[in-house]
Amino acid sequence: MHTDRRRFYKALSSRDARFDGLFLVGVSSTGIYCRPICPAKTPREANCRFFGSSAEAEQAGFRPCLRCRPELAPGSAPVDDAQRIAQLIVQRLEEGQLDEKVGLEAIASQFELSSRQLRRIVQKELGVPPIQLLLTRRLLLAKQLLTETAMPITQVAFASGFSSLRRFNDAFTTRYSMPPTRLRRTAAAQGAGLVEGGSLVLQLAYRPPYDWTGMLAFLAARALTGVEQVSENAYARTIRLGSAAGWIRVTRAPRANALLLEFAPALASVLPALLGRVRALFDLDARPDLIAKHLRKDARLAAAVKANPGRRVPGAIDGFETGLRAILGQQVTVRAATTIASRVAAAFGDPIVTPLPGLDRLTPLPARVAAATVPEIARLGIVASRAASLIALAKAQAAGRLCLDGGAREHPDHTMARLTDVPGLGPWTASYIAMRALRWPDAFPKEDIAVRSRLGGLTAKAADELSQAWRPWRSYAVMHIWAMADPAHGRGRDPV
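Residues numbered from 1 in each chain as written. Predicted model: local features only at pLDDT ≥ 70, side-chain atom pairs only at ≥ 80, totals over all residues. Heavy atoms only, no water.

A. Expanded view of the pattern of salt bridges. If you walk through the whole model with that rule in mind, you get 14 salt bridges. The partner of Asp289 in a salt bridge is Arg287, and the shortest N-O contact between them spans 2.8 Å. Asp464 is the salt-bridge partner of Arg474, the closest N and O atoms lying 3.4 Å from each other. Here the residue Arg474 occupies a position in helix α23 (residues 474-483), and Asp464 occupies one in helix α22 (residues 460-467), the gap between them amounting to ten residues. Take Arg474: its relative accessible area is 8%, and that puts it in the buried class. In this structure, a network of salt bridges that share partners links the residues Asp442, Asp464, Arg471 and Arg474. (Salt bridge = Lys/Arg side-chain N within 4 Å of Asp/Glu carboxyl O. Helix = DSSP H or I, 4+ residues; strand = E, 2+ residues; numbered from the N terminus. Buried < 20%, exposed > 50% of the residue type's maximum accessible area, 1.4 Å probe, protein only.)

B. The arrangement of the nonpolar core in detail. Ile248, Leu274 and Phe282 are the most contacted members of the largest nonpolar core, which has 111 residues in total. Of the residues forming this core, the biggest block, seven residues, is contributed by helix α18 (residues 384-398). Aside from chain neighbours lying at most four places away, what touches Phe282 is Tyr210, Trp212, Met215, Leu219, Tyr235, Val250, Leu259 and Arg312. Judged by nonpolar contacts, the second largest core, of 13 residues, contains Tyr9, Leu22, Phe50 and Cys68. (Core = buried A, V, L, I, M, F, W, Y, C linked by side-chain atoms within 4.5 Å. Contact = heavy atoms within 4.5 Å.)

C. Representation of the packing of helix α14 (residues 319-328) against α18. Two elements in contact, α14 and α18, have axes separated by 10 Å at closest approach and are oriented at 160°. In terms of orientation, α14 and α18 fall into the roughly antiparallel class. Viewed along their axes, α14 and α18 form a crossing whose handedness is right-handed. Together, Phe320, Gly323, Leu324, Ile327 and Leu328 of α14 and Arg386, Ser389, Leu390, Leu393, Ala394 and Gln397 of α18 make up the contact between the two elements. In terms of residue class, the contact of α14 with α18 is made up of seven nonpolar, three polar and one charged. (Axes fitted to C-alpha atoms, helices over the stretch in contact; angles between N-to-C directions. Parallel < 35°, antiparallel > 145°, perpendicular 65-115°, else oblique. Left-handed = near helix turned anticlockwise from the far one by under 90°. Nonpolar A, V, L, I, M, F, W, Y, C, P; charged D, E, K, R; others polar.)

D. Geometry of the side chain of Thr354. Topologically, Thr354 is positioned in the loop between α15 (334-348) and α16 (366-370). Take Thr354: its relative accessible area is 15%, and that puts it in the buried class. Of note is the side chain of Thr354, whose polar atom sits 2.7 Å from the backbone oxygen of Leu359. If we skip the residues at most four places from it in the chain, Thr354 touches Thr238, Trp247 and Leu359. (Polar contact = N/O pair within 3.5 Å; in protein donor to acceptor, adjacent residues only side chain to side chain.)

E. Quick look at the packing of aromatic side chains. Taken as a whole, this structure holds 14 aromatic pairs when the rule is applied. Arranged with centres 5.8 Å apart and planes meeting at 75°, the rings of Phe23 and Phe50 form a pair that is edge-to-face. Here Phe23, found in the loop between α1 (5-14) and β1 (24-27), pairs with Phe50, found in strand β3 (residues 48-51); they are 27 residues apart in sequence, far enough to count as distant. Take Phe50: its relative accessible area is 0%, and that puts it in the buried class. By way of ring pairs, the aromatic residues Tyr206, Tyr210, Trp212, Tyr235 and Phe282 are connected into one cluster. Residue placement shows Arg222 over the ring face of Phe218; its charged tip is 3.6 Å from the ring centre. (Phe/Tyr/Trp six-rings, centres within 6.5 Å; stacked < 30°, edge-to-face > 60°. Lys NZ or Arg CZ within 6 Å of the ring centre and 35° of its normal.)

F. Up close: the environment of Leu301. Note that Leu301 resides in helix α13 (residues 299-307). Residues Leu301 and Ile481, spaced 180 residues apart in sequence, show a C-alpha to C-alpha distance of 7.5 Å. Not counting residues up to four positions away in its chain, the partners in contact with Leu301 are Leu295, Trp470, Ala477, Ile481 and Met484.

G. Region of interest: the pairing of strand β9 (residues 244-252). In terms of strand pairing, strand β8 (residues 234-241) meets β9 through eight bridges, oriented antiparallel. Within the sheet, the bridge partner assigned to Ala234 lies in β9 and is Thr251. Across five bridges, β9 lies against strand β10 (residues 258-263) in antiparallel orientation. Bridge pairing links Ile248 to Phe263 in β10. Where β9 folds back on β10, the antiparallel hairpin that results is connected by five residues. (Pairing = 2+ DSSP bridges.)

Quick look at the structure:
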């Protein structure tokens, strides 16, 4: 931890929350060690020593800070409450689960705060009051629906989260000094408003470069029959969010740095949640410039990153589906895992009617798999121990002991620890689920045979030590490593 003081000091000075948990800093002038996000004044570089764990810092004679509580897991100390509250509110907004009164009161109660304290915290963390943040999110979504679809104004109002057409019109006119109908007419005159066969189309932007071909290839190899369908230039699937069910189809925009999301009108009521899931699946919020710049510093990755700086980490529309797939992919090929997973989807997924040929099944619900028996699952060609693991995972998800749909509910390390408590799920499976379902950019399946082989036949321990230089973007490093040529077979192949 002492060989690259300048790099750690830059990370400390940035106050970037993504570095929290990656290192600790001891300050010689005070004898205290802290986390990178500690609100205390940044110490002079000459007074800093960097450590990988609390044990190392305390062995060196430092005592823990009483403000950031470095002896606790990141996200668990009192200093984290403000950030956790802000993240939770943003998550609820994205999922469409927050209203002006009830939602905020529930979050305040969860943290044993008054609603007034909650509003002060959110104002400080996000720069705006909670209600203003909520209104802004709703209006931005409404603007997109008005300009990019021909959805009726009333449907736009409700799809963007307003409880009445009157409140929508008032808010829109107040904020933009025009009624929504005028914006719709202006957009129509400019050729906007996309509708095909009764479906709706929205544009989702990303930062270039973007490896669209590689993303489709990854998803195509794992497509569940009846649930997903991948062609040369499009990804389509069925989807269920709460009580809403329908289908989506994603293509690349011909000119803009964006993807086009076509979706069934039945999903309009859950549009904020749908957009969040699709952005996660295609990793649209990644910063490829920062990630590539960091990973290129390692000679082992430099050529791969230079050849494809737009490589992303595929996420998940449904976290349980990804967990199910990860279990079935243990110690088998991608093709074999896909075949077996498709059988599970056919046996336990609900039927659905869509206009897209071949898409007629919803992914299985955790409760449905949890109610199955081991023999019932084993009849699909799955060994009994793995069938038991599927049921155990489903029960944990259905009971709320696990949440595999990302978000900011708890630190990914905590969820990964819960995953390894499920019978039959080891560290590799937990890391893979963290990469995709939890959207954790620093997951590293050090036990992965392909990763270790491409790194020169390293042990899991040696691979983990080597990966420390790639933090906090180890998930992206894994994607590049999987794409490298295998020394034994002369080609790249990634697992599961």
